[in-house]
Amino acid sequence: MESGGKLVLLFIWLLLVTAETGRGQCLPGTPKADLQAVSMDPSVLEISPVGTIQLVIEMKNNGPCVIPMGEASFTVTFPDTYIQPGVPLNVTNVCGPNRWQLFKQTQAGGFYSLTFRNNSEVIPVGGAACPISFDIRGKGIVTTKPISISLSSSLTALAKTGDLNVLNQSTLTKLNVGANTSPIPALIITDFNVKANECNAVLTWKTSSNNIADSFEVEYGINETAFTRVGVLQNKNSNSDLTYEFVKDQGNSKGYYRLKIVEKGGKISYSKTVSVVTKCIIKKGF
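Below or above, wherever it landed, is the structure these notes cover. Everything numeric in this text was worked out from a predicted model, so none of it was measured. (Residues numbered from 1 in each chain as written. Predicted model: local features only at pLDDT ≥ 70, side-chain atom pairs only at ≥ 80, totals over all residues. Heavy atoms only, no water.)

This part is about the packing of aromatic side chains. Aromatic ring pairs are described here by two measures, namely the spacing of the ring centres and the angle between the planes. Inspection of the entire model under this criterion finds 9 aromatic pairs. On the numbers, 5.0 Å between centres and 70 degrees between planes, the contact of Phe 74 with Trp 100 is edge-to-face. A residue pair is termed long-range when its members are at least 10 positions apart, and Phe 74 in strand β4 (residues 72–79) and Trp 100 in the loop between β6 (92–93) and β7 (101–108) qualify at 26 residues. Summarising the burial analysis for this pair, Phe 74 and Trp 100 share the class buried. Considering the side-chain rings of Phe 74 and Phe 116, the 5.2 Å spacing of their centres and the 20 degrees angle between planes classify their relative orientation as stacked. Taken together, the positions of Phe 74 in strand β4 and Phe 116 in strand β8 (residues 111–117) put the pair 42 residues apart, joining distant regions of the chain. By relative accessible area, which is 0% here, Phe 116 ends up buried. Joined through ring pairs, the aromatic side chains of Phe 74, Trp 100, Phe 116 and Phe 134 make up one cluster. (Phe/Tyr/Trp six-rings, centres within 6.5 Å; stacked < 30°, edge-to-face > 60°. Helix = DSSP H or I, 4+ residues; strand = E, 2+ residues; numbered from the N terminus. Buried < 20%, exposed > 50% of the residue type's maximum accessible area, 1.4 Å probe, protein only.)

Its location among the elements puts Thr 75 in strand β4. The class of Thr 75 is buried, set by a relative accessible area of 19%. Sequence-distant contacts of Thr 75, that is, excluding residues within four places in its chain, are made with Ser 113, Leu 114, Thr 115, Ser 150, Leu 151 and Ser 152. (Contact = heavy atoms within 4.5 Å.)

So, on to the pattern of salt bridges. Under the counting rule described, the total for this entry stands at 3 salt bridges. One salt bridge connects Arg 229 with Glu 217, and the closest N-O pair in it is separated by 3.6 Å. Placement of Arg 229 in strand β15 (residues 228–234) and of Glu 217 in strand β14 (residues 213–221) is noted, with a sequence separation of 12 residues between them. Looking at Glu 217, the relative accessible area reads 12%, which means it is buried. (Salt bridge = Lys/Arg side-chain N within 4 Å of Asp/Glu carboxyl O.)

Moving on, we come to the pairing of strand β17 (residues 253–263). Counting buried positions over the 11 residues of β17 gives 9, a clear majority of the element. Sheet topology places β14 next to β17; 8 bridges connect them, and they run antiparallel. If you follow Ala 213 over to β17, its bridge partner there is Glu 263. Across 5 bridges, the pairing between β17 and strand β19 (residues 274–278) is antiparallel. Counted as the bridge partner of Tyr 256 is Ser 275 from β19. Here 3 bridges tie β17 to strand β18 (residues 268–270), and the two strands are oriented antiparallel to one another. Bridge pairing in β18 places Val 262 opposite Ile 268. Counted between consecutive antiparallel strands, the loop separating β17 from β18 contains 4 residues, among which Gly 266 sits at a positive phi close to 100 degrees. (Pairing = 2+ DSSP bridges.)

So, on to the sheet that holds strand β12 (residues 189–197). Pairing within the open sheet is antiparallel, and its 3 strands lie in the order β12-β13-β16. Strands with a single pairing partner mark the edges of an open sheet, and in this sheet they are β12 and β16 (243–249). Adjacent strand axes in the sheet meet at a mean angle of 15 degrees when their direction is disregarded. Strand direction decides the pairing type here: strand β13 (residues 200–207) and β16, joined by 7 bridges, are antiparallel. (Axes fitted to C-alpha atoms, helices over the stretch in contact; angles between N-to-C directions.)

The next thing to look at is the state of the cysteines. Every disulfide links exactly two cysteines, by a covalent bond between their sulfur atoms. Under the criterion given, the structure shown has 1 disulfide. Across the disulfide from Cys 199 sits Cys 280; the S-S distance is 1.9 Å. Residue Cys 199 is located in the loop between β12 and β13, and its partner Cys 280 is located in the segment after β19; the two are separated by 81 residues in the primary sequence. (Disulfide = S-S within 2.5 Å.)

Looking now at the sheet that holds strand β11 (residues 170–177). Spatial strand order, β2-β11-β10-β4-β8-β7: 6 strands in an open sheet with mixed pairing. Either end of the sheet is taken by a strand with one partner, and the two such strands are β2 (46–47) and β7. The sheet contact formed by β4 and strand β10 (residues 147–155) spans 6 bridges and is antiparallel. Of the residues in β10, the one forming a bridge with Thr 77 is Ser 150.

Here it is as structure tokens:
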């Protein structure tokens, strides 16, 4: 190829590179990105021994380049004596449904560790911090000392740089597990029970007239740790009809139930767990 043609190709390549760099893509060998753990906060400061709360984390890329898919991760670690990951984990991403995905979960040496990675999205430079939240639960044991929850973030060798703006790449929070914290929000539900009616599990509960619930999600499980949603009842917002009922065909088995209470402001909490054994009766014809 003549020298004039090579110069044209070089010019086109430089235009393409410049355009990519303008969108936050960086040339090979240049500084890459600065992943910052902005904050990590529990939705409440004290969890009951059998309660469930959300842990809210904010991560941010301080630049100068976007972080490619799969090159950023952070790990949350906490003692396994008093708290545990939620089942299900209920991961919620504010900035894109799949920005941070659970990559690995381990329990070893007295600690749970949950690692999240950006496997489906790039992380742009700057902008507002992007919260991610997931559930953690009490393990039924009270402690008089706050539980430490730590977060460490990292980038792959391709994306990693120093802490460019001297902001933290790790963070720490504390959570109390208290004996006097009720798993049921005050003035929302009472008399939560379940009874067997042949194959059916019949759940009933009452609410106060001034409660702030928006809806009640009925969750079912074959044990006390793994639950799935099987129904939703909206708050009646009534001063007279305060009784709710939900029926599930459970067959011949033992089932566990709890209520996920979604308040009008978006806050989530859970009722106690109840269980019932159902037996189907086969009626013979004459």
